[in-house]
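Now for the letters of each chain:
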Amino acid sequence: MANILWGNVLAEKIKDKLKEEVTLLVEQAKRLPKLVVILVGKDPASEVYVANKQKACLKVGILTEIIRYDEKIVEHDLISKIEELNYDDSVDGILVQMPVPKHIDSDKVINTILVEKDVDGLNPMNVGLLQIRKPCLIPCTPLGILELIKSVEPNIAGKNAVIVGRSNLVGLPTAQLLLQENATVTICHSYTNDLKSLTRQADILIAAVGQPGLITKDHVKPHAIIIDVGTKKQADGKLHGDVLFDEVEPIVDHITPMPKGVGPMTIAMLMKNTLKAYYQRESKDGI
Ligand code: NAP
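The rules we used
- Residues numbered from 1 in each chain as written.
- Predicted model: local features only at pLDDT ≥ 70, side-chain atom pairs only at ≥ 80, totals over all residues.
- Heavy atoms only, no water.
- Helix = DSSP H or I, 4+ residues; strand = E, 2+ residues; numbered from the N terminus.
- Rg over C-alpha atoms; globule rule 2.2 N^0.38 Å.
- Buried < 20%, exposed > 50% of the residue type's maximum accessible area, 1.4 Å probe, protein only.
- Contact = heavy atoms within 4.5 Å.
- Areas by Shrake-Rupley, 256 points an atom, 1.4 Å probe, with all protein chains shown as cover.
- Lys, Arg positive; Asp, Glu negative; His and termini not counted.
- Charge placed at Lys NZ, Arg CZ, Asp CG, Glu CD.
- Phe/Tyr/Trp six-rings, centres within 6.5 Å; stacked < 30°, edge-to-face > 60°.
- Pairing = 2+ DSSP bridges.
- Right-handed = clockwise from strand over helix to strand, strands pointing away.
- Polar contact = N/O pair within 3.5 Å; in protein donor to acceptor, adjacent residues only side chain to side chain.
- Near = heavy atom within 4 Å.
- Nonpolar A, V, L, I, M, F, W, Y, C, P; charged D, E, K, R; others polar.
- Axes fitted to C-alpha atoms, helices over the stretch in contact; angles between N-to-C directions.
- Disulfide = S-S within 2.5 Å.

Caption draft 1: Local environment of the overall build of the protein. Counting its regular elements, the protein contains 10 helices and 11 strands. Against the globule reference of 19 Å for 287 residues, the protein gives a C-alpha radius of gyration of 19 Å, in line with a compact fold. Its C-alpha atoms put the protein at 50 × 45 × 35 Å along the principal axes. Within the protein, the fraction of its 287 residues that count as buried is 46%. The long-range fraction of contacts in the protein, counting pairs at least 24 apart against all pairs at least 6 apart in sequence, stands at 70%. Total accessible area computed for the protein in this model is approximately 14,100 Å², and 54% of it derives from carbon and sulfur atoms. For the protein, the distance from the average position of its 34 positive side-chain charges to the average position of its 37 negative side-chain charges is 2 Å.

What follows is the structure, encoded as structure tokens:
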């Protein structure tokens, strides 16, 4: 029987700690951290993600503003709003909920967000800083994955970590974080030959694909740590992970559930990033 890595429980503990920090700011009559979330259109999944972020901010005490735009908004107007927020001293974090409608260039949107306020860590400047191991804002899901792993294995050095997926959002930054922890990292993708032979060597296996059932009991090493990032709605109307939980769980030592695994940790890390951006802006040290 594996230990279940309940991300929702760990996320609550992290948010409780962050709330204590914000309470201290209130007691000291300091300016409070503020996150602005921009939502374009009415995608139901995005609405849920934004509501969850707002709820987390409320819990921690971070001020939030949700700016909603019709899906027909022209790119120029969205960019102008981000520029205005870049100059607004009361704003510490800016997040544009993805995906944006096709007529808007998402790269241009991300590039416009000031690097110091880029709490999603997706601006190329933050991506580059992470690559060269300099202080920066790091994407939230990889940060959450690292916290989950460290909650059961503080010493990652020398471990074989295999990541399935190489996206800018999850796979690549997760690989970078684990490298910085001195793991030996293998990144797999859709062109990888004989996936099983690689994943079976993993002391830590991270599946970030979005293909339910991709990782079976034949893909895992006994006693491994398994982090299931994948989320995909199936015909049953439920969200499924990449890992066949029921058959993998008996073999491994630690495994995240889906849901209540990585998802809540992503939001907790957004709160952490917003406070980090706040502190860095307050100290005027930059990142
Ligand atoms: P993505 O951009 O679509 O990337 C998927 C990756 O999987 C790609 O690198 C792709 O390889 C690789 N891949 C596809 N089929 C494969 C196969 N058969 N074997 C090995 N690799 C394969 O997705 P993403 O944004 O990284 O997200 C991945 C999953 O995590 C999605 O289900 C997403 O919903 C979920 N997610 C969850 C959270 C959370 O907070 N819970 C956050 C972010 C994402 P190529 O590069 O060769 O195409």
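Caption draft 2: Expanded view of the packing of aromatic side chains. Going through the model one piece at a time under the given rule, you end up with one aromatic pair. Where Tyr 278 meets Tyr 279, the ring centres are 5.6 Å apart and the plane angle is 65°; that geometry is what we call edge-to-face. Owing to a relative accessible area of 2%, Tyr 278 belongs among the buried residues under this scheme. Take Tyr 279: its relative accessible area is 35%, and that puts it in the partly exposed class.

Caption draft 3: Representation of the pairing of strand 6 (residues 184-188). Bridge analysis of strand 5 (residues 160-164) against strand 6 gives five bridges, and the strand direction is parallel. Paired with Ile 163 across the bridge in strand 6 is Ile 187. Between the parallel elements strand 5 and strand 6, the chain passes through helix 7 (residues 171-180) in a crossover that is right-handed.

Caption draft 4: Inspection of the side chain of Arg 281 at higher detail. One can find Arg 281 in helix 10 (residues 262-283). The buried category is assigned to Arg 281, whose relative accessible area is 14%. Here Val 91 takes part through its backbone oxygen, which lies 3.2 Å from a polar atom of the side chain of Arg 281. Dropping the residues within four chain positions of it, Arg 281 is found in contact with Arg 31, Asp 88, Asp 89, Val 91, Asp 92, Glu 116 and Lys 117.

Caption draft 5: Broad picture of the site of the ligand. Residues in close proximity to the ligand total 20 residues, the closest being Arg 166, Ser 167, Ser 190, Thr 231 and Thr 266. Between the ligand and His 189 there is a distance of 3.5 Å, counted from a nitrogen atom to a backbone nitrogen or oxygen. Relative to its unbound accessible surface of 920 Å², the ligand loses 69% to contact with the protein. Classifying every residue of the shell around the ligand by side-chain character gives eight nonpolar, 11 polar and one charged.

Caption draft 6: Focus on the sheet that holds strand 2 (residues 34-40). Taking strand neighbours across the sheet as the criterion, the three strands line up as 3-2-4 in an open arrangement whose pairing is parallel. For this open sheet the edge positions go to strand 3 (63-69) and strand 4 (93-96), each flanked by a neighbour on one side alone. Strand-to-strand twist in this sheet, taken as the mean axis angle between neighbours without regard to direction, amounts to 15°. Pairing analysis gives four bridges linking strand 2 to strand 4, with the strands arranged parallel. Paired with Ile 38 across the strands is Val 96, a residue of strand 4. On top of the sheet, helix 3 (residues 75-87) reaches strand 2, strand 3 and strand 4; it is set at about 180° to strand 2, its chief contact.

Caption draft 7: Here's a closer look at the state of the cysteines. Overall, the coordinates contain zero disulfides when judged by the stated rule. With no disulfide of its own, Cys 57 lies 11 Å from the sulfur of Cys 140, the closest cysteine sulfur. A residue is classified by how much of its surface remains accessible, and Cys 140, at 5% relative accessible area, is buried.

Caption draft 8: Focus on the side chain of Asn 123. Position of Asn 123 relative to the elements: it lies in the loop between helix 4 (106-112) and helix 5 (124-131). Within polar-contact distance, the side chain of Asn 123 engages the backbone oxygen of Ile 113 at 2.9 Å. Once you skip the residues sitting within four places of it in the chain, Asn 123 turns out to touch Ile 110, Asn 111, Ile 113, Val 115 and Asp 118.

Caption draft 9: Quick peek at the sheet that holds strand 6. Taken in spatial order, the six strands of this open sheet run 1-11-8-7-5-6, and their pairing is parallel. Unpaired on one side and paired on the other, strand 1 (3-4) and strand 6 mark the two borders of the sheet. The pairing of strand 7 (residues 204-207) with strand 8 (residues 225-228) spans four bridges and is classified as parallel. Residue Ile 206 lies in a different strand from strand 8, and its bridge partner there is Ile 227. Helix-sheet contacts for helix 6 (residues 140-152) involve strand 1, strand 7, strand 8 and strand 11 (254-255), and the interaxial angle to strand 8 is about 155°.

Caption draft 10: Region of the structure containing helix 7. For helix 7, a buried count of seven out of 10 residues is recorded, marking the element as mostly surrounded by other parts of the structure. Where helix 7 is buried, its residues touch helix 5, helix 6, strand 5, strand 6 and strand 7. Directly beyond the C-terminal end of helix 7, a positive phi value near 70° is found at Asn 182.

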